[in-house]
Amino acid sequence: KSNSHQASYRDSTKRAQNSDPDARCCEAKISIHFKTGDSEIEEHYKEGLKMIASQARIIGNSKIEIFGYADRNGDAANNLKLSKRRSDSVKSFLTQNGVDRASVTTVAYGETKPLKSRPGYESDFFDRRVIVHIRADESLITSQLVKETN
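The present account deals with the structure reproduced in this document. The shown structure was predicted, so the numbers you read here are calculated from the model rather than taken from an experiment.

1. Observations concerning the side chain of Asp 71
Next, step 1: Within the fold, Asp 71 resides in the loop between β3 (63–68) and α2 (76–96).
Next, step 2: For Asp 71, the side chain forms a polar contact with the main-chain nitrogen of Asn 73, separated by 3.1 Å.
Next, step 3: Once you skip the residues sitting within four places of it in the chain, Asp 71 turns out to touch Asn 79, Glu 111, Asp 124, Asp 127 and Arg 128.

Now the structure itself:
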């Protein structure tokens with residue numbers, strides 16, 4: 001397999017000036033991709049997810065948001081279910097690696113948020129994804145989503 005499909009991991013740890021040196025304001029993000037119609041996490045993404053789990057344990061009171069997506073091939077209702085299975089698969093992996101289940105929120109978008117306006121082989125690959133955010137504060141993206149839907 002090509003290394004172009006490796007997990008990307010970003011850690012932008014920051015410390016506020018004049019704050020407790022143990023206080024952390026951290027954010028990390030990982031994107032993983034899936035085979036067509038599949039929700040199984042491929043082996044080469046697991047190390048990045050383990051890093052997220054480790055970061056969550058270090059932070060202690062972290063919140064994790066998992067966003068699942070699918071490409072536009074097939075039925076929209078099935079793609080929504082598939083994106084839910086993908087986000088649940090990642091949540092299960094993280095909790096098996098020590099993350100508190102209560103600290104994880106999942107959102108399934110199905111095919112409603114493609115990265116490119118036109119489907120194609122490459123764009124379909126990038127649409128079959130799960131994005132994982134870890135936050136040390138209460139500014140969760142999902143809390144904003146709830147407000148939008150009311």
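There's plenty left to go through after this.
2. Points about the pairing of strand β4 (residues 104–108)
Next, step 1: Bridge count between β3 and β4: 5 bridges; the pairing is parallel. By the bridge assignment, Ile 66 is partnered in β4 with Thr 106.
Next, step 2: What joins β3 to β4 is α2, and the crossover it makes is right-handed.

3. Remarks on the pattern of salt bridges
Next, step 1: Evaluation of the coordinates by the stated rule reveals 6 salt bridges.
Next, step 2: Of the charged contacts in the structure, one is a salt bridge between Lys 84 and Asp 88, with a shortest N-O distance of 3.0 Å. With Lys 84 and Asp 88 both in helix α2, this residue pair falls 4 residues apart, about one helical turn.
Next, step 3: The structure contains a network of salt bridges with shared partners spanning Arg 72, Asp 127 and Arg 129.

4. Overview of α2
Next, step 1: The terminal C-alpha atoms of α2, which comprises 21 residues, lie 30 Å apart, in line with the 30 Å expected from a rise of 1.5 Å per residue.
Next, step 2: Of the residues making up α2, those classed as buried are Asn 79, Leu 82, Ser 83, Arg 86, Ser 87, Val 90, Lys 91, Phe 93 and Leu 94.
Next, step 3: Capping the start of α2, Asp 75 holds a side-chain oxygen 3.1 Å from the backbone nitrogen of Ala 77, two or three residues further along.
Next, step 4: Positive backbone phi, approximately 95 degrees, marks Gly 98, located one or two places after α2.

5. With respect to the packing of aromatic side chains
Next, step 1: Taken as a whole, this structure holds 3 aromatic pairs when the rule is applied.
Next, step 2: Relative to Tyr 109, the ring of Phe 67 lies with its centre 6.3 Å away and its plane at 20 degrees, an arrangement referred to as stacked. Separated by 42 residues along the polypeptide, Phe 67 in strand β3 and Tyr 109 in the loop between β4 and α3 (121–127) bring together distant segments of the chain. Each member of the pair Phe 67 and Tyr 109 is classed as buried.
Next, step 3: One aromatic cluster is present, formed by Phe 67, Tyr 69 and Tyr 109 through successive ring pairs.

Procedures and definitions
- Residues numbered from 1 in each chain as written.
- Predicted model: local features only at pLDDT ≥ 70, side-chain atom pairs only at ≥ 80, totals over all residues.
- Heavy atoms only, no water.
- Helix = DSSP H or I, 4+ residues; strand = E, 2+ residues; numbered from the N terminus.
- Polar contact = N/O pair within 3.5 Å; in protein donor to acceptor, adjacent residues only side chain to side chain.
- Contact = heavy atoms within 4.5 Å.
- Pairing = 2+ DSSP bridges.
- Right-handed = clockwise from strand over helix to strand, strands pointing away.
- Salt bridge = Lys/Arg side-chain N within 4 Å of Asp/Glu carboxyl O.
- Expected span 1.5 Å × (residues − 1).
- Buried < 20%, exposed > 50% of the residue type's maximum accessible area, 1.4 Å probe, protein only.
- Phe/Tyr/Trp six-rings, centres within 6.5 Å; stacked < 30°, edge-to-face > 60°.

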